[in-house]
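Tertiary structure, described
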Amino acid sequence: MSRVLLIEDHERLAQLVCKGLAAAGIAADVATRIDGAWASLQQMPYQALILDRGLPDGDGLALLARMRAAGLGIPCLVLTAREALHDRVQGLEAGADDYLAKPFAMDEMVARVRALLRRPAQFRPIEHAHGDLALLPEGDLLCCGKERITLAPAEMQIMLLLLRKHDTTVRRGALEAAAWGLNEAVTPNALDVALHRLRRKLAAIGSRQRIVNLRGVGYALREDDAAQ
């Protein structure tokens, strides 16, 4: 399942957008401020961004400009009441991929988000490969050479984050947020179960990569020299 970040401070509208996306098989996390959205972008491998401009701590385009300056090319739909021509031009020049004025039809908004999600992977900033592993999110597949295995949605999000952060250790809370979102309640052992299944799948496709637990710190991908 694709996961997007919705940055919208109007609670009722955010709920309606999330509901519309969920009906199309797209999960969404919600941030209401620029600073919170930036923090979420650091820990989650989102496939797209839906961005309001009038936020409590500034213009959403400031976040977009910061993202693009940092090399984050996540496809972005600007969703705003500012519909004048110069506003649309300003949004596109700031790095937006699409621009939709409020009020809008939910079906059109969902269609535009799905169009962003269909963009070729090479235009996305998230690295989906490391070592002998590659991920194909569109097909929910984990690949090692010619071997492939299907991942559950939570497993896919965990592997996306581990691959993206392959040179660092990822904290438990970040993996839980990646797998089930920032707003979902997670049972204490849900992550342990998902990691156990992922380890079995890595072994099943013959990967040299292992998910290791660095106690008190978090989890990381490491190559098992003995498996070579």
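Residues numbered from 1 in each chain as written. Predicted model: local features only at pLDDT ≥ 70, side-chain atom pairs only at ≥ 80, totals over all residues. Heavy atoms only, no water.

Named according to an unreviewed UniProt entry, the protein chain is Response regulator transcription factor originating from Massilia arenae.

1. Considering the overall build of the protein chain
Counting its secondary structure elements, the protein chain contains 8 helices and 13 strands. In terms of C-alpha radius of gyration, the protein chain reaches 18 Å, essentially the compact-globule figure of 17 Å for 228 residues. Taken over 228 residues, the protein chain has a buried fraction of 46%. Of the roughly 11,000 Å² that the protein chain leaves accessible, carbon and sulfur atoms contribute 51%. Of note, the protein chain has its 29 positive side-chain charges centred 4 Å away from the centre of its 28 negative side-chain charges. (Helix = DSSP H or I, 4+ residues; strand = E, 2+ residues; numbered from the N terminus. Rg over C-alpha atoms; globule rule 2.2 N^0.38 Å. Buried < 20%, exposed > 50% of the residue type's maximum accessible area, 1.4 Å probe, protein only. Areas by Shrake-Rupley, 256 points an atom, 1.4 Å probe, with all protein chains shown as cover. Lys, Arg positive; Asp, Glu negative; His and termini not counted. Charge placed at Lys NZ, Arg CZ, Asp CG, Glu CD.)

2. Focus: the nonpolar core
Residues Ile7, Leu41, Leu63, Met67, Ile158, Met159 and Ile211 are the most contacted members of the largest nonpolar core, which totals 50 residues. Top element by residues in this core is helix H6 (residues 153–164). It accounts for 8 residues. Per-domain counts for this core show at least three residues from each of domain 1 (3–118) and domain 2 (129–223). Core analysis: the second largest hydrophobic core is formed by 20 residues, Leu6, Ala48, Val110 and Leu117 among them. (Core = buried A, V, L, I, M, F, W, Y, C linked by side-chain atoms within 4.5 Å. Domains from an automatic or database assignment.)

3. Concerning helix H1 (residues 11–23)
Helix length check: H1, at 13 residues, gives a terminal C-alpha distance of 19 Å against a target of 18 Å (1.5 Å per residue), a fit within 8%. Burial in H1 covers these residues: Leu13, Ala14, Val17, Cys18, Gly20 and Leu21. Across the axial projection of H1, the buried residues extend over an arc of 160°, all falling on one side. Turned more than 90 degrees off the buried face of H1, the exposed positions are Glu11, Arg12, Lys19 and Ala23. In the core, the buried residues of H1 are packed alongside strand E1 (2–7), strand E2 (26–31), strand E3 (48–51) and helix H5 (106–117). After H1 finishes, the residue Gly25 shows a positive phi value of roughly 80°. (Expected span 1.5 Å × (residues − 1). Arc of directions from axis to C-beta. Contact = heavy atoms within 4.5 Å.)

4. Description of the confidence of the model for the protein chain
Considering every residue of the protein chain, the mean pLDDT works out to 85; 91% of them sit at 70 or more. Mean pLDDT across the elements of the protein chain ranges from a minimum in helix H4 (residues 85–93), with 78, to a maximum in helix H8 (residues 190–204), with 95. The model gives residues 121–127 a pLDDT under 50, and that stretch makes 17 contacts with residues more than four places away or in other chains. (pLDDT = per-residue confidence, 0-100.)

5. Examining H8
The terminal C-alpha atoms of H8 lie 21 Å apart, and with 15 residues this matches the ideal 21 Å at 1.5 Å per residue to within 8%. Every buried residue of H8 is listed here: Ala190, Leu191, Ala194, Leu195, Leu198, Lys201 and Leu202. What you see down the axis of H8 is that its buried residues fit within an arc of 125°, all on one side. Away from its buried face by more than 90 degrees, H8 exposes Arg200, Ala203 and Ala204. Once H8 finishes, Gly206 follows within two positions and takes phi at roughly 75°, a positive value.

6. Brief notes about the pairing of strand E12 (residues 209–214)
Summarising the sheet, E12 and strand E13 (residues 218–223) pair through 6 bridges and their orientation is antiparallel. Its bridge partner being in E13, Arg210 is matched across the sheet by Arg222. In sequence, E12 turns back onto E13 through a hairpin of 3 residues, with Gly216 there showing a positive phi of about 80°. (Pairing = 2+ DSSP bridges.)

7. What to know about the pairing of strand E9 (residues 133–136)
Residues of E9 alternate between two faces, with Leu133 and Leu135 buried on one and Ala134 and Leu136 left unburied on the opposite face. Where strand E8 (residues 129–130) meets E9, 2 bridges bridge the pair, whose relative direction is antiparallel. Bridged to Ala129 within E9 is Ala134. The antiparallel hairpin formed by E8 and E9 contains 2 residues in its connecting segment, where Gly131 sits at a positive phi of about 60°. Both E9 and strand E10 (residues 141–144) contribute to a ladder of 4 bridges, which runs antiparallel. Residue pairing across strands places Leu136 opposite Leu141, the latter belonging to E10.

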